[in-house]
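Below, each chain spelled out in residue letters.
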Amino acid sequence: MLHTRTGLFSILFFAVLCATHDSAFAGEVIVMGYRITIRAPLINKAPESSGLYKDLFKEAARRINCRLQIVRNPKMRVLNKMKTGAIDFYPGFNFTIKRSKTIFYIENGLPGGDIGISSPALPEITDLRQLKGKTLLVALGGADHLHNTTGVHQGSVPDLSIEKAVKLIKLGRFHFYIYNKSSLEYYLKLNKPGDIKVHHNCCGGIKPMYLGFSRKSKHIKEENNPDYDSTKEVSINNFPTRLAPDCLASRLEKALKQMKESGFTDKLYNKYYSSQ
């Protein structure tokens, strides 16, 4: 009887040990933050968070044995929480050198790139320097699209949605608004607001889209990047550090890359953008 109990205990202990090893990250929660406003079809208005972002990052989290948690707050509060590591990442984030002090950038697999809108009276914009003397509408806490372009004014609005931006442009309070190509075209296609001119060539065309990962997150670990060139400007492709391969952020990056290469991400993207 003693041998039987000892044998049973050994089997149970081994089973628990194996389960713990195989699910080393199963208890981890990775937190995605986003502002409270809707950005269809990427994410619904808070407190509802359904959409492409949720489906994409829930699958990525599953592939690295994590659970995705989504936190919705005003954008400035989200950014402040990312500075402390309370929120791990923001799903779509434009690069700036200022942001890169607290944010590490990872390709999310979705197509990026921006276009602009204005009233029909504004001539075709192919260079933002053409906006000299005009006012660019930007979200409070949003990216700096001007990159030191002189003579162009900026007006910030909190919790700015595409719908609100279109209304402000039509009211003549601002002259120009820049936003993600896919999201802006999706909104204009569904809502057909009229009296809005689209500037397809204002902002550099289609580019990779990046998520911003908090450099204070417990899930990130960085190491020196041997390919960094200190004689060149810091950018996503020329950054002083890179992800250490053993951290969860690196595992997320690899999962998103595999999802893109396998066609999963494109299929998901087409499900949301081509069905309308």
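On a predicted model such as this, the values are computed, not experimentally measured, just so you know.

A. Structural detail: the sheet that holds strand 5 (residues 114-118). Strand order across the open sheet formed by five strands is 7-6-8-5-9, with mixed pairing between neighbours. With one partner strand each, in any of the chains shown, strand 7 (153-157) and strand 9 (197-199) form the two edges of the open sheet. Across the sheet, the axes of successive neighbouring strands diverge by a mean angle of 30°, strand direction being ignored. Bridge analysis of strand 6 (residues 135-139) against strand 8 (residues 176-180) gives two bridges, and the strand direction is parallel. Of the residues in strand 8, the one forming a bridge with Leu137 is Tyr177. Packing of helix 4 (residues 162-170) onto the sheet brings it into contact with strand 5, strand 6, strand 7 and strand 8, and relative to strand 8 it is tilted by some 160°. Helix-sheet contacts for helix 5 (residues 181-191) involve strand 5, strand 8 and strand 9, and the interaxial angle to strand 8 is about 110°.

B. Fine view of the packing of helix 4 against helix 5. Where helix 4 meets helix 5, the closest approach of the two axes is 11 Å, and the angle between their N-to-C directions is 70°. Classified by the angle between their axes, helix 4 and helix 5 sit roughly perpendicular to one another. From helix 4, Ile162, Glu163 and Val166 reach across to helix 5, where they touch Ser183, Leu184 and Tyr187. Across the contact of helix 4 with helix 5, the residue classes tally to four nonpolar, one polar and one charged.

Procedures and definitions
Residues numbered from 1 in each chain as written. Predicted model: local features only at pLDDT ≥ 70, side-chain atom pairs only at ≥ 80, totals over all residues. Heavy atoms only, no water. Pairing = 2+ DSSP bridges. Helix = DSSP H or I, 4+ residues; strand = E, 2+ residues; numbered from the N terminus. Axes fitted to C-alpha atoms, helices over the stretch in contact; angles between N-to-C directions. Contact = heavy atoms within 4.5 Å. Parallel < 35°, antiparallel > 145°, perpendicular 65-115°, else oblique. Nonpolar A, V, L, I, M, F, W, Y, C, P; charged D, E, K, R; others polar.

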